Every structure is written in structure tokens, then in C-alpha cells.
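What follows is each chain in one-letter form.
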Amino acid sequence: VPAPVPAQNFNYADNFDAANGGSSGNSGNDGNLDWATSWTSGTGVWISQMSNWCESGYCLRLITDYSSNVQSERRADLSGATSAQVTFDYKATFDQGGSASVEVSSDGNNFVVLGNIPGNSQAGSASYTIPPSYFTSSFRIRFRASGSGWNDVYI
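Residues numbered from 1 in each chain as written. Predicted model: local features only at pLDDT ≥ 70, side-chain atom pairs only at ≥ 80, totals over all residues. Heavy atoms only, no water.

Asks: What is the right way to read the packing of aromatic side chains from this model?
Replies: In this description, a pair of aromatic rings is defined by centroid distance and the angle of the planes. Counting across every chain of the model gives seven aromatic pairs. Ring pairing ties together the aromatic residues Tyr12, Phe16, Trp35, Trp39, Phe88, Tyr90, Tyr128 and Phe143, which thus form one cluster. (Phe/Tyr/Trp six-rings, centres within 6.5 Å; stacked < 30°, edge-to-face > 60°.)

Asks: Can you help me understand the sheet that holds strand E1 (residues 45-49) in this one?
Replies: The strands that make up a sheet are held in pairs by hydrogen bonds between backbone atoms, and each pair lies either parallel or antiparallel. The sheet built from five strands is open, its strands ordered E1-E2-E9-E4-E7 with antiparallel pairing. Of all the strands in the sheet, the pair left with one neighbour each is E1 and strand E7 (124-129). The sheet shows a mean angle of 35° between the axes of neighbouring strands, direction not considered. In this sheet, strand E2 (residues 58-63) lies alongside E1 in antiparallel orientation, the contact comprising five bridges. Along E2, the bridge assignment pairs glutamine 49 with tyrosine 58. (Pairing = 2+ DSSP bridges. Helix = DSSP H or I, 4+ residues; strand = E, 2+ residues; numbered from the N terminus. Axes fitted to C-alpha atoms, helices over the stretch in contact; angles between N-to-C directions.)

Asks: Got a minute to help me understand the nonpolar core in this structure?
Replies: If you look at soluble globular proteins, the nonpolar side chains tend to sit buried side by side. One finds Phe88, Ile117, Ile130 and Phe143 to be the most contacted residues of the largest nonpolar core, which totals 30 residues. Elements with a minimum of two residues in this core: E2, strand E3 (69-76), strand E4 (85-93), strand E5 (99-105) and strand E8 (139-146). Sequence-distant contacts of phenylalanine 88, defined by excluding residues within four places in its chain, comprise Val102, Ile117, Gly124, Ser125, Ala126, Tyr128, Phe143 and Ile155. (Core = buried A, V, L, I, M, F, W, Y, C linked by side-chain atoms within 4.5 Å. Buried < 20%, exposed > 50% of the residue type's maximum accessible area, 1.4 Å probe, protein only. Contact = heavy atoms within 4.5 Å.)

Asks: How should the environment of arginine 140 be read in this particular structure?
Replies: In this structure, arginine 140 sits in strand E8. What makes arginine 140 buried here is its relative accessible area of 18%. Beyond its immediate sequence surroundings of up to four residues, arginine 140 is in contact with Glu73, Arg74, Arg75, Glu103, Val104, Ser105, Asp107, Gly108 and Phe111. Among the polar contacts listed, one links the side chain of arginine 140 to the backbone oxygen of serine 138, at a separation of 2.7 Å. (Polar contact = N/O pair within 3.5 Å; in protein donor to acceptor, adjacent residues only side chain to side chain.)

Asks: Looking at this structure, how should I read the environment of glycine 57?
Replies: Position of glycine 57 among the secondary structure elements: in the loop between E1 and E2. Distance in space between the C-alpha atoms of glycine 57 and glutamine 85 is 23 Å, their sequence separation being 28 residues. Those residues within four positions of glycine 57 in sequence are excluded, and the remaining contacts are Asp17, Ser48, Gln49 and Met50.

Asks: In this structure, what is going on with the sheet that holds E8? I would like to understand it.
Replies: A sheet is described by the order of its strands in space; here four strands give the open sequence E3-E8-E5-E6, paired in antiparallel fashion. One side of each edge strand has no neighbouring strand; the edge strands of this open sheet are E3 and strand E6 (111-116). Taking the axes of each pair of neighbouring strands and ignoring which way they run, one obtains an average angle of 25° across the sheet. Looking at chain direction, E3 and E8 are connected through eight bridges and run antiparallel. By the bridge assignment for E8, glutamate 73 is matched with arginine 142.

Asks: I'm lost on the pattern of salt bridges in this one. Help?
Replies: Any two side chains of opposite charge can pair if their charged atoms end up close together. What the rule picks out here adds up to five salt bridges. Close ionic contact of aspartate 14 with arginine 74 constitutes a salt bridge, the shortest N to O distance being 2.8 Å. Placement of aspartate 14 in the segment before E1 and of arginine 74 in strand E3 is noted, with a sequence separation of 60 residues between them. Among the ionic pairs, aspartate 152 bridges to arginine 61, the shortest N-O distance being 2.8 Å. One end of the pair, aspartate 152, is in strand E9 (residues 152-154); the other, arginine 61, is in strand E2, with 91 residues separating them in the sequence. Several salt bridges converge on common partners, so that one network encompasses Glu103, Arg142 and Arg144. (Salt bridge = Lys/Arg side-chain N within 4 Å of Asp/Glu carboxyl O.)

In C-alpha cells:
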């Protein structure tokens with residue numbers, strides 16, 4: 001009788017830090033699987049280093065003082081997954097009705113909210129299970145911040 005094969009854990013990860021102590025920019029690969037794309041960039045999306053805000057040194061920063069709707073997303077191939085979750089550290093502060101969320105898509109066009117990120121200026125961690133219907137080769141994860149005024153989110 002063959003011995004049972006232990007389950008293998010594969011992951012996509014990005015801590016935004018490079019091996020030399022700098023930033024990996026928007027294309028870091030810190031897991032044992034490589035992302036299919038880099039984080040999308042645009043107005044209000046930065047890879048930043050902020051003491052007391054970024055847990056690992058550098059982080060994804062979404063700031064809505066330039067735009068009322070700021071987002072960044074990344075694609076991964078989850079087509080062979082049997083389970084998946086997204087886990088991240090965050091810190092956010094909201095002004096004038098701001099909000100932030102983590103969203104997923106199976107096709108890169110239609111996104112659903114997995115959870116909301118609190119804007120209480122306290123550091124925290126969140127973990128959400130990704131539903132199996134999103135296990136596709138076109139899977140996207142997206143962080144979004146919105147609102148008028150100064151809304152600052154660090155992932």
C-alpha cells in the first residue's frame with residue numbers, strides 16, 4: 001500500500017520588498033507560484049515605504065486625494081486550485097465617506113467584494129476564503145479605495 005501523499009501548499013504572494021532591501025515595485029513574486037501580471041498602476045496607486053504603516057517595509061498604497069475611485073489588481077491562475085484564500089495586512093484612514101475593499105473576479109471584468117477594510121487608522125490583518133467558482137486562469141484580486149477627500153489605504 002503506497003504511503004499517503006501530503007497535501008501541497010502553493011501560493012502567490014507579494015510583500016513588495018526586494019531582496020536588496022528596496023522595493024520590488026508592482027511585480028514582486030514572493031510565493032512559490034509566479035503571478036501572471038504585475039499590479040496595475042494609475043493615479044493614486046503607489047508602492048510606498050511608510051514607517052508605522054507598512055508591516056513588511058513596502059506596501060501597496062491607494063490614496064483618493066487625486067481620484068474618487070482608486071484601484072489596483074493582479075491576475076493569477078487558480079484553475080488547478082482546490083481551495084484558496086487571500087490574506088493581507090492593512091492600515092487605512094478615511095475622510096469624508098471613504099471606503100476600501102478587497103474584490104475578486106473570475107474573468108477580469110466582473111468583480112465581487114470579498115470584504116471591506118476598516119478605516120480606523122489601526123493596523124490589522126484580514127483573511128477571506130475565495131469561492132471555488134473563481135478558480136479560473138483569469139482570476140483577479142483587486143484592492144479598491146473610494147471617497148472624496150483624503151482616504152489612504154496601505155496593503
